[in-house]
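# Residue-level structural notes
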Amino acid sequence: MTFGTDPTAGVSPPSGGSRKAPPTLITAAEPSYDEQLRSRRIRYSIMMGLRIPCLIIAALLYQTPWLAIIVAALSIPLPWMAVLIANDRPAQKRRRVAPVTVSPDRALTSGTLEIVDGTTADPR
């Protein structure tokens, strides 16, 4: 076996077809800090912006007190949730690992180890 060749040479796709399975990624770049901060600011602004319309709607529904209380009660935890979401980092994405099988004719055999001595004979 030659080292430095294609590492997927002895690996065949699970379907047994001739196409190679896509390589499994072991690393993934996350969005930059600036992109994360921008998206968190947008979410915070939207959630805090929803509180004012909720309070206005609750004030307009003063003739039906039970509905006004429900809408006002929904607006109470919005600042707390907005801060929690704004301070939280984005969730990590799930990665799907492609299943592969090793071709037995290309696999290394478990046999005896051959030890090669690296010394040279004395030319005398």
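Quick look at the structure, then. Predicted, not measured: the structure shown is a model, and the values here were computed from it. (Residues numbered from 1 in each chain as written. Predicted model: local features only at pLDDT ≥ 70, side-chain atom pairs only at ≥ 80, totals over all residues. Heavy atoms only, no water.)

## Side note on the overall build of the chain
Along the backbone of the chain there are 3 helices and 2 strands. Put simply, the chain runs from its N terminus to its C terminus through helices and strands in the order β-α-α-α-β. Within the chain, contacts between residues separated by at least 24 positions form 70% of all contacts whose residues are at least 6 apart in sequence. Accessible area of the chain: about 11,400 Å², with a carbon and sulfur share of 63%. (Helix = DSSP H or I, 4+ residues; strand = E, 2+ residues; numbered from the N terminus. Contact = heavy atoms within 4.5 Å. Areas by Shrake-Rupley, 256 points an atom, 1.4 Å probe, with all protein chains shown as cover.)

## Side note on a nonpolar patch on the surface
The grouping of Trp80, Met81, Leu84 and Ile85 at the surface amounts to a nonpolar patch, some 390 Å² of accessible area in total. Within the fold, Leu84 resides in helix H3 (residues 78-87). (Patch = residues over 30% accessible without salt bridge, like charges linked within 9 Å, V, L, I, M, F, W, Y side chains within 5 Å. Salt bridge = Lys/Arg side-chain N within 4 Å of Asp/Glu carboxyl O.)

## Things to note about the packing of helix H1 (residues 33-60) against helix H2 (residues 65-75)
Interhelical geometry of H1 versus H2 gives an angle of 165 degrees and a closest axis separation of 8 Å. Taken together, H1 and H2 sit at an angle that is classed as roughly antiparallel. The handedness of the crossing between H1 and H2 comes out as left-handed. Contact with H1, carried on its side by Arg51, Cys54, Leu55, Ile57 and Ala58, involves Ala68, Val71, Ala72 and Ser75 of H2 and no other residues of that element. Here the contact of H1 with H2 is built from residues that sort into 7 nonpolar, 1 polar and 1 charged. (Axes fitted to C-alpha atoms, helices over the stretch in contact; angles between N-to-C directions. Parallel < 35°, antiparallel > 145°, perpendicular 65-115°, else oblique. Left-handed = near helix turned anticlockwise from the far one by under 90°. Nonpolar A, V, L, I, M, F, W, Y, C, P; charged D, E, K, R; others polar.)

## As for H2
When we look at burial in H2, the residues that qualify are Ala68, Val71 and Ser75. Here the buried residues of H2 occupy an arc of 70 degrees about the axis, which is enough to place them on one side. The exposed set on the far side of H2, more than 90 degrees from its buried face, consists of Trp66, Ile69 and Leu74. Tucked inside the fold, the buried residues of H2 contact H1 and H3. (Buried < 20%, exposed > 50% of the residue type's maximum accessible area, 1.4 Å probe, protein only. Arc of directions from axis to C-beta.)

## Here's the deal with H3
All of the buried residues along H3 are Leu78, Pro79, Ala82 and Ala86. Viewed end-on, H3 has its buried residues packed into an arc of 95 degrees, placing them on one side of the element. Among the exposed residues of H3, those oriented more than 90 degrees off its buried face are Trp80 and Asn87. Where H3 is buried, its residues contact H1 and H2.

Functional significance is not addressed by these values, which are geometric in nature.
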